Amino acid sequence: GRRAAPPARITIVRRFLKSLVERNPALALSLRSYRHWATLQRQRPSPTPFGFSLMGHAAMQSGHFEPEETAVVQTLLPDIAVFVDVGANVGFYACLARAAGKQTVAIEPLASNLDYLYANLQANGWDDVEVIPCGLARRPGTAVLYGSGTGASLVSGWAGTPATLRQTIPLSTLDIILGDRFAGQKLLIKIDVEGVEYDLLQSAVKGLSLTPPPIWLVEIAFHEHHPGGLNPHFAETFALFWRHGYQAVTADAAQQAVTPADVQRWLSTRSRDFGGPNYLFTKI
């Protein structure tokens, strides 16, 4: 038969193809979209320990994804009427809420994640989950979304994502989405938007002032994944909630209170000495 190509020739071809893709964002996105489509066709929903089926993320299927945050959400669901999932990804938390019988709104901008989200809702026979296919920000419009999967972000360079892996998405605001639709109902709002949570919360003036006050579960990265090191809006994000009368605790088993002194200490030492990137904000 034919002899295999010399290793040096293979390396040259691979380098050429890589440089071609890096110079052509549309080609990079097309190749990734094809791989995503092919993977989606091969997968089947698997039962989870939470009473629903899921596809698209092995740790979510097995029950090993964010175990402490998952336990926190499960504890809170009986006392709320509506679950709003901002940054829904493939729908793990949205499915968790819907399986508990809660009205659910899932907000997700990335097309490949939406494919899995739709498939997961269909697999469980749920046609009553509201899906809003856009990102949320300070104002409505459009923006470039970088990356894929659970790490897609509006922040350029987030988690080392190459600038070639990008797509334009529509934007809305949280106050536009919520409006007065859920007046008088208790909301749990989960926000996981990979670095733009402070920008998003600028558009949540009405949401922060709702009665009864929502419970907020927000991922606020400290130094994780930020291209410039520390999150430039870390303290401001906490201060925004505190100005509206909310208290902060870690979204884990300890649920330890977070104070302004804690935030200032973390920033001065560039180290967080308890908790993780997820926090609960509640108003008594």
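Just above sits the structure.
First, a word on scope: everything that follows refers to the structure included in this document. (Residues numbered from 1 in each chain as written. Predicted model: local features only at pLDDT ≥ 70, side-chain atom pairs only at ≥ 80, totals over all residues. Heavy atoms only, no water.)

## A look at unusual backbone geometry
Okay, so step 1: The linkage connecting Thr211 with the following residue, Pro212, adopts the cis geometry, with an omega of -5°.
Okay, so step 2: Among the structural elements, Pro212 can be located in the loop between helix H9 (205-208) and strand S10 (215-219).
Okay, so step 3: Residue His225 is not a glycine yet carries a positive backbone phi of 75°.
Okay, so step 4: With respect to the helices and strands, His225 occurs in the loop between S10 and helix H10 (234-243).
Okay, so step 5: Under the relative-accessibility criterion, His225 is labelled partly exposed at 46%.
Okay, so step 6: The phi angle at Gln255 is positive, at roughly 45°, despite the residue not being glycine. (Helix = DSSP H or I, 4+ residues; strand = E, 2+ residues; numbered from the N terminus. Buried < 20%, exposed > 50% of the residue type's maximum accessible area, 1.4 Å probe, protein only.)

## Some details on the pattern of salt bridges
Okay, so step 1: Tallied over the entire structure, the rule returns eight salt bridges.
Okay, so step 2: The partner of Asp262 in a salt bridge is Arg265, with the nearest N and O atoms 3.1 Å apart. Placement of both Asp262 and Arg265 in helix H11 (residues 260-269) is noted, with a separation of three residues, approximately one turn of the helix.
Okay, so step 3: Owing to a relative accessible area of 10%, Asp262 belongs among the buried residues under this scheme.
Okay, so step 4: With a relative accessible area of 30%, Arg265 lands in the partly exposed category.
Okay, so step 5: With its nearest N and O atoms 2.8 Å apart, the salt bridge here joins Arg265 to Asp273.
Okay, so step 6: Through salt bridges with shared partners, a single network forms among Asp262, Arg265 and Asp273. (Salt bridge = Lys/Arg side-chain N within 4 Å of Asp/Glu carboxyl O.)

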